[in-house]
Amino acid sequence: MLDKALRHAKWKQRLMMAVIAAIVVIILVPLGYGGLNKLAGRQSAALFDQLNAYHTVAEPNVNVSSEMLANDTSFGGNVVTKEYKDIDGYPVPWGTYTSHYTNLRWQLDESFYAQTVERRDQHFGRQAFQPGTAQKIARFYTGTKGLPNEAETLASLPDHVGEIAVTFKHGYTYAALKQLLPKSLNLRWAYLFNDTAHVSISGDVAHPRTAESPIGMALNGDATPQSQAKYWRKALSQYWTGAKHNQAYEYAMKTPAKQLKFKGVILTGTTESLAKVATADYVAGTSVGVTVPRVPYITPTR
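Calculation rules
Residues numbered from 1 in each chain as written. Predicted model: local features only at pLDDT ≥ 70, side-chain atom pairs only at ≥ 80, totals over all residues. Heavy atoms only, no water. Pairing = 2+ DSSP bridges. Helix = DSSP H or I, 4+ residues; strand = E, 2+ residues; numbered from the N terminus. Axes fitted to C-alpha atoms, helices over the stretch in contact; angles between N-to-C directions. Parallel < 35°, antiparallel > 145°, perpendicular 65-115°, else oblique. Left-handed = near helix turned anticlockwise from the far one by under 90°. Contact = heavy atoms within 4.5 Å. Nonpolar A, V, L, I, M, F, W, Y, C, P; charged D, E, K, R; others polar. Salt bridge = Lys/Arg side-chain N within 4 Å of Asp/Glu carboxyl O. Buried < 20%, exposed > 50% of the residue type's maximum accessible area, 1.4 Å probe, protein only. Phe/Tyr/Trp six-rings, centres within 6.5 Å; stacked < 30°, edge-to-face > 60°.

**Student:** Any details on the sheet that holds strand β4 (residues 106–107)? Residues and values, ideally.
**Tutor:** Paired through backbone hydrogen bonds, the strands of a sheet run either parallel or antiparallel to each other. With antiparallel pairing, 4 strands are arranged side by side in an open sheet as β1-β2-β3-β4. The open sheet has two edge strands with one neighbour each: β1 (63–73) and β4. Here strand β2 (residues 76–87) pairs with strand β3 (residues 90–102) via 12 bridges, running antiparallel. Bridging from a neighbouring strand, Y84 pairs with P93 of β3.

**Student:** Requested: an account of the packing of helix α4 (residues 225–239) against helix α5 (residues 247–254), with residues and values cited.
**Tutor:** The interhelical angle for the contact between α4 and α5, taken along N-to-C directions, is 155°, at an axis separation of 10 Å. By the angle between their directions, the pair α4 and α5 is classed as roughly antiparallel. Crossing geometry of α4 relative to α5 is assigned as left-handed. Where α4 abuts α5, its residues W232, R233, L236 and S237 lie against Y249, A252, M253 and K254. Looking at side-chain class alone, the contact of α4 with α5 contains 5 nonpolar, 1 polar and 2 charged residues.

**Student:** Please set out the pattern of salt bridges residue by residue, giving values where relevant.
**Tutor:** This model, assessed by the stated rule, comprises 3 salt bridges. Salt-bridge contacts for K85 lead to E163; the nearest nitrogen and oxygen are separated by 3.3 Å. Taken together, the positions of K85 in strand β2 and E163 in strand β8 (residues 160–172) put the pair 78 residues apart, joining distant regions of the chain. E163 matches K85 in its accessibility class, with the two residues each being buried.

**Student:** Describe the pairing of β1, naming the residues involved and giving the relevant values.
**Tutor:** Pairing between β1 and β2: 8 bridges, direction antiparallel. In the strand pairing of β2, E67 is matched with T81. Turn length for the β1-β2 hairpin, with the two strands adjacent in sequence and antiparallel, is 2 residues.

**Student:** Residue-level account of the packing of aromatic side chains, with values.
**Tutor:** Counted under the stated rule, the structure contains 10 aromatic pairs. Taking 4.2 Å as the distance between ring centres and 25° as the angle between the ring planes, the aromatic pair formed by Y97 and F112 counts as stacked. Pair noted here: Y97 is in strand β3 and F112 is in the loop between β4 and β5 (116–119), with a separation of 15 residues, a long-range link. Using a relative accessible area of 4% as the deciding quantity, one classes Y97 as buried.

See the structure below:
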């Protein structure tokens, strides 16, 4: 009888332990799953914030057509960004990027900082093209002497629309730009300074006068420096990975918006109108970006 009682007690003990283990599993598995989801959610939100900061300050004349989660799990996933350029009313695919996040960290797609380079001339040595779509990148320059003036070549390319990056002989405020630039062209983006933090990744080491990672702001439509200063500076502070005492960074952060002076701009329009900018007195140099043949069913913006 004693042995039977002991066996019964041990069975009850094992049953109780099994019940406790089951309860623990029932409680901890959802909690653990929820915790992992929460951690991954924080990282994906942080990644979206950083992508937004990057789009705001570091992409000349680039628009986001879509940005969405992909392969989203409790352990991480991707954010896929699809971009295009508005070339005087003509939408042109620009790039597709896949950024990553886990429970612990996030990382922007490295292609945001990379570009395809190809040797073209001996003076500046390289032309830059967008990976994937192989569209030509319009470049700014950090100097003002002896610069290429590619916009001149657009005079021999009729019936097209395009974009050019214009580097000025000296800086201009937004109000001055509105008076200075031809009304037949679209002002899309304005260049403030070069992002030296990324020169080691995407910089033209042989020719440092090329601003390969420009920082600036969109000025198309109703977007003025005054209307977006607070939002833009928050994005710049979030994106900037260089030293905070950088003079150009401090200038952009502290100068009253209406007094900011831009070193260059991205303009879009018909190639005939863009070619005329090449001869303007205020131009130090120009670089041609995307060009698109005109079609009868799309009317240029300008």
